[in-house]
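Residues per chain, in single letters:
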Amino acid sequence: MTLLAGTQPRWFPLAREEARGLLTAKGPWILAVLLVLWGYRPTYVGWQGLGSNMTIGFLQTAGSFLLPLGVLLLSYRSVVGERTSGSLKFVLGLPMTRSDILVGKVLGRSAGIAIPISAAAVTLGVIGLIRFGAFSPLLFCGVLLSTVVYVMSLVSVGTAISAVTTSTVRAAGAAFGGVYLVFTAFWTKFAEIIYATVGTAPPETTVGTASVNSFSAPADGLFFLLLRLSPGRAYRVLTNWLLGVGNSGGSFDAVITKLETPTSITIYTVESAFHGQTPPAYLHELSGVVILLCWLLVPLGVARYRFERGDLV
Amino acid sequence: MTAPAIKTEGLSKQYDEVTALDGLDLTVEQGEVYGFLGPNGAGKSTTIGLLMNYSKPTAGTARVLGFDPWTDVVACHQRIGILPDRFDTYDNRSARRHLQLVADTKGADNDPAALLERVGLGDAIDRPAGEFSQGMEQRLALAMSLVGDPELLILDEPFTGLDPHGVALVRDVVDSESERGTTVFFSSHVLGQVEVVCDRIGILHRGRLVDEGTLSAFRERLDLTAEATVEDIFIQLTDESVQQTADSARLREGNQ
């Protein structure tokens, strides 16, 4: 037992306790049920584009909009809640550095949320298997793994906010007002406004109304990079790539609609904007992984810097 | 020679306009039971918070068991048991899980059942702490502080919310831990509880250590009878201190 304790990292018991706390609570399982209900959306166009692999697309649908909201909801209080209640005094009194505490929190809570979400993914897989037949198991695992990385990034952002705020109200404001609304739900709008304002847009797109829209998407790599800085869009760029539908941060069925059918809809895809020209190399779909990893590491790194130095009681 | 259990020099903590702690020089030798007394807001919890790395000092140095409490956190906390002030337990975790987390992190092999038995919570071992009364939470926190047989036990207002049985329990625990060689540093504003258990007391008032010594030395110096309680000593000393502060304030005003 003591030997074991010597080999495991200092944050491991805390992480295990965090995970256990979530797995025995209702919240993450309610989220899992909602994700199944939200994610199961068979569409004709999805079937046309992916066949039975449409089932794997359900994971992406489940991973959009509802999942970030749920994960942020389950993370934003992780540190500040304990700080205001006073239970943080026990954790801070344990033989761990404050950085160990943040690592234990992020990894433990990621596990505690990723396990119910994986259960939801498997449920969607089973339903899809019964209704639409066998899909590629490797592809399923790839999209599930991407979803887990996305969950970890969101937990990390939520925990980072929690570690540097002094009240749960402020943490909620930053998590939902800042991260969720700006960077997830309405990022496309913000990106259009930023792009039009900063003015790197080629003249033809800024003439007149100085606006950018997806019907006349600028063939500018920087604009597409800006778009995928959102963790949600980065996640969909990555999963759309795995699904093989196109290079876009939109939902997989919308991308299929835009690229495979004569219907024109309001989403951005690299293919339609660049019309056969070669897009810049940095718009490769793997940029989605890089951006998700940035969301995982950068806010937490900044939070760690402040958390290590400040007064916590 | 062993390092003192606690040694601070000029330890200070300033919060914006408020001086919570003002140049504290404190030495607690290993094996001592030291009572850190003072009225509410005197700076007791601030001191403990600094020693526990809950907060960082604005000036001064400290050594806990020879370690720097702000850079050698792991080494320090490995050897300390803490019962914090104004804490909260985890509502949906059992008493057992509370102790297990501490034991696992410290790599200690204490049996949670035995520790909870010791603080009178043997029956409540698998109940979630959310159902506990304040006294039970205090007992649970005391049990948590004992995990890993610490060299230094820091108890911040350990008598809070306890009935007379609980108070007797804390005293027993302090006695037996002290016999085992543990240094005990505890803060209190409930003075009657203190005199039975302390080797030495220090009196903190408005962020300054006003005086310290053994009870008998205090009685002698302040010309009090042997019946004089900590209460009497305390009131006399803090009154003096109020008087001094008022005097020096008046002096300063006079000089302006």
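Conventions and cut-offs
Residues numbered from 1 in each chain as written. Chains lettered and ligands numbered in written order. Predicted model: local features only at pLDDT ≥ 70, side-chain atom pairs only at ≥ 80, totals over all residues. Helix = DSSP H or I, 4+ residues; strand = E, 2+ residues; numbered from the N terminus. Buried ≥ 20, exposed ≤ 12 C-beta atoms within 10 Å, placed from the backbone. Contact = placed C-beta atoms within 7 Å. Rg over C-alpha atoms; globule rule 2.2 N^0.38 Å. Nonpolar A, V, L, I, M, F, W, Y, C, P; charged D, E, K, R; others polar. Pairing = 2+ DSSP bridges. Axes fitted to C-alpha atoms, helices over the stretch in contact; angles between N-to-C directions. Core = buried A, V, L, I, M, F, W, Y, C linked by C-beta atoms within 7 Å. Domains from an automatic or database assignment. pLDDT = per-residue confidence, 0-100.

Visitor: Give a detailed account of the overall build of chain B, specifying residues and quantitative values.
Guide: The secondary structure content of chain B amounts to eight helices and nine strands. The buried share among the 256 residues of chain B stands at 45%. The long-range share in chain B, meaning contacts at least 24 apart out of those at least 6 apart in sequence, stands at 70%.

Visitor: Hey, could you go over the overall build of chain A for me, with residue numbers and the actual values?
Guide: Scanning chain A from terminus to terminus reveals 18 helices and zero strands. Here chain A has a C-alpha radius of gyration of 21 Å; the compact-globule value for 313 residues is 20 Å, and the two agree. For chain A, the spread of C-alpha atoms along the three principal axes comes to 65 × 50 × 30 Å. The buried share of chain A, reckoned over its 313 residues, is 52%. A separation threshold of at least 6 residues defines the contact pool for chain A, and within that pool the share at least 24 residues apart is 74%.

Visitor: Explain the interface of chain A and chain B to me, using residue names and the numbers behind them.
Guide: Opposite the 25 residues of chain A that make contact, chain B presents 28 residues. The set of elements that each furnish at least two residues to the side of chain A that touches chain B consists of α1 (2-7), α2 (12-23) and α8 (88-92) of chain A. A per-element tally of the side of chain A that touches chain B places α2 of chain A first, with four residues. Here the side of chain A that touches chain B is composed, by residue class, of 12 nonpolar, eight polar and five charged.

Visitor: For unusual backbone geometry, give the residues involved together with the corresponding values.
Guide: All names here are of chain B. Despite not being glycine, Asp 16 shows a phi value in the positive range, around 40°. Summarising the element assignment, Asp 16 is placed in the loop between β1 (6-15) and β2 (18-28). In the Ramachandran plot, Arg 86 falls in the positive-phi region, its phi being about 45° despite a non-glycine side chain. Within the element layout of this structure, Arg 86 appears in the loop between β5 (80-83) and α3 (95-106). Taking the C-beta count within 10 Å as the criterion, Arg 86 has 12 such neighbours and is therefore assigned exposed.

Visitor: Account for the sheet that holds β5 of chain B, naming residues and giving values.
Guide: Residues and elements named next belong to chain B. Taken together, the six strands give an open sheet; going across it, the order is β5-β6-β7-β3-β8-β9, and neighbouring strands pair in mixed fashion. Taken across any chain shown, the strands that pair with only one partner, and hence form the sheet edges, are β5 and β9 (208-213). Neighbouring strand axes in the sheet, compared pairwise and without regard to direction, differ in orientation by 15° on average. Where strand β3 (residues 33-37) lies against strand β8 (residues 200-205), four bridges are found, and the strand directions are parallel. Within β8, the residue paired with Phe 36 across the bridge is Gly 202. Helix-sheet contacts for helix α5 (residues 134-146) involve β5 and β6 (152-156), and the interaxial angle to β5 is about 170°.

Visitor: Outline the environment of Glu 195 of chain B, supporting the account with residue identities and numerical values.
Guide: Residue and element names in this part refer to chain B. Positionally, Glu 195 belongs in the loop between β7 (183-188) and β8. Classification of Glu 195 as partly exposed rests on a count of 15 C-beta atoms within 10 Å. Sequence separation between Glu 195 and Leu 26 is 169 residues, and the spatial gap between their C-alpha atoms is 19 Å.

Visitor: Summarise the nonpolar core; cite the residues concerned and give the values.
Guide: In this structure, Val 151 of chain A together with Leu 99, Ala 143, Ile 154 and Phe 185 of chain B are the most contacted members of the largest nonpolar core, which totals 147 residues. The leading source of residues in this core is helix α10 (residues 137-164) of chain A, at 14 residues. When residues of this core are assigned to domains, at least three fall in each of domain 1 (6-79 + 150-255) and domain 2 (90-142) of chain B. With near-sequence residues (within four places) excluded, Ile 154 of chain B lies in contact with Ile 48, Leu 51, Met 52, Ile 80, Ile 82 and Phe 185 of chain B. Ranked by size, the runner-up nonpolar core spans 12 residues in total, among them Trp 187, Ala 217, Leu 227 and Val 270 of chain A.

Visitor: Break down the confidence of the model for chain A for me, citing the residues and quoting the values.
Guide: The predicted coordinates of low-pLDDT regions are not to be read in fine detail. Across chain A, the average pLDDT comes to 92, with 94% of residues at 70 or higher. Note on residues 205-210 of chain A: pLDDT is under 50 here. Beyond four places in sequence and across chains, it has seven contacts.

Visitor: Tell me about the environment of Gly 51 of chain A, and please be specific about residues and values.
Guide: Looking at where Gly 51 of chain A falls in the secondary structure, it is placed in the loop between α4 (44-50) and α5 (54-63). A C-alpha to C-alpha distance of 46 Å links Gly 51 of chain A and Val 164 of chain A, two positions 113 residues apart in sequence.

Visitor: Requested: an account of the pairing of β2 of chain B, with residues and values cited.
Guide: Relative to β2 of chain B, β1 of chain B runs antiparallel, the two sharing seven bridges. Note on β2 of chain B: the bridge partner recorded for Thr 8 of chain B is Leu 26 of chain B.

Visitor: How would you summarise the domain arrangement of chain B if you had to cite specific residues and measurements?
Guide: Residues and elements named next belong to chain B. Each assigned domain of chain B is listed with its residue range as follows: domain 1 (6-79 + 150-255) and domain 2 (90-142). Every contact between the two is made by 10 residues of domain 1 and, on the other side, eight residues of domain 2. At four residues, the largest contribution of residues to the side of domain 1 that touches domain 2 is made by helix α6 (residues 164-179). Residue composition of the side of domain 1 that touches domain 2, grouped by class: five nonpolar, four polar and one charged.

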